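Chain residues, written in single-letter form:
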Amino acid sequence: MTLDEQIGAINQLSREIDQTYHNIAQHFNLSDNIFWIFYIIYSSEEEITQSDLSQKWSYSKQTVNSSTSTMVKRGWVTLDLLPDSRKSKAIHLTEAGRELCEKAIGTTRQIEQHAYSRLSSEKLDQFIDLFKVMNTHFDEEQQRMLGADK
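Procedures and definitions
Residues numbered from 1 in each chain as written. Predicted model: local features only at pLDDT ≥ 70, side-chain atom pairs only at ≥ 80, totals over all residues. Heavy atoms only, no water. Pairing = 2+ DSSP bridges. Helix = DSSP H or I, 4+ residues; strand = E, 2+ residues; numbered from the N terminus. Contact = heavy atoms within 4.5 Å. Axes fitted to C-alpha atoms, helices over the stretch in contact; angles between N-to-C directions. Core = buried A, V, L, I, M, F, W, Y, C linked by side-chain atoms within 4.5 Å. Buried < 20%, exposed > 50% of the residue type's maximum accessible area, 1.4 Å probe, protein only. Phe/Tyr/Trp six-rings, centres within 6.5 Å; stacked < 30°, edge-to-face > 60°.

Engineer: Lay out the sheet that holds strand β3 (residues 89-93) in plain terms, naming residues and giving numbers.
Structural biologist: Neighbouring strands of a sheet are bound in pairs by backbone hydrogen bonds; such pairs are parallel or else antiparallel. The strand order β1-β3-β2 describes an open sheet built from three strands, whose pairing is antiparallel. Where the open sheet ends on each side, the last strands, each with one partner, are β1 (48-49) and β2 (77-81). Sheet topology note: the β1/β3 ladder contains two bridges and is antiparallel. Bridged to threonine 49 within β3 is alanine 90. Contacts between helix α2 (residues 32-43) and the sheet are confined to β1, β2 and β3, with β3 contributing the most and set at about 85° to the helix.

Structure follows, in structure tokens:
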């Protein structure tokens, strides 16, 4: 395979996994953004704030605000001002949100665990290492060619 063909194959595979997650979100009648916010909250042992979603997870502030606003309206989360903060808000699951997460994200985690357990631990470690390296190279090239502006 040529480099262009390899890049095309990688992009196609990336879109396929994105589509699989999209299908799971749709199964539970969730938008992709809300699904991933639920996933992050449910999978984290630490409190997640709206700014965490923007900074650590690369969501725009507008996406975070819009999605969490919808989640509040549907009774799935509350936004609670952090102590010693004027505007940083933690996202907490309500009972309804927790139940939905247990179904949607709990099922997703089981799917992931079954799928990834088909690979050896060594192969998964290799995959993670290569993914990190490629993300770093890709970001470096993007910054070099397009500038550091975000």
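Engineer: Give me the lowdown on the nonpolar core, citing residues and values where you can.
Structural biologist: Membership of the largest hydrophobic core comes to 25 residues, with the highest contact counts inside it found for Leu30, Phe35, Phe38 and Trp76. Looking at this core, the elements with two or more residues in it are α1 (3-27), α2, α4 (61-73), β3 and α5 (95-116). Ranked by residues supplied to this core, first place goes to α2 with seven residues. Apart from residues no more than four positions distant in its own chain, phenylalanine 35 is found in contact with Tyr21, Ile24, Ala25, Leu30, Ile105 and Thr108.

Engineer: Account for the packing of aromatic side chains, naming residues and giving values.
Structural biologist: Tallied over the full model, the rule gives seven aromatic pairs. Plain terms: the ring middles of tyrosine 21 and tryptophan 36 are 4.8 Å apart, the flat faces sit at 55° to each other, and that makes the pair tilted. With a gap of 15 residues between them, tyrosine 21 in helix α1 and tryptophan 36 in helix α2 connect regions that are remote in the sequence. On the numbers, 5.5 Å between centres and 55° between planes, the contact of phenylalanine 127 with phenylalanine 131 is tilted. Taken as a pair, phenylalanine 127 and phenylalanine 131 lie in helix α6 (residues 121-146) at a separation of four residues, close to a single helical turn.

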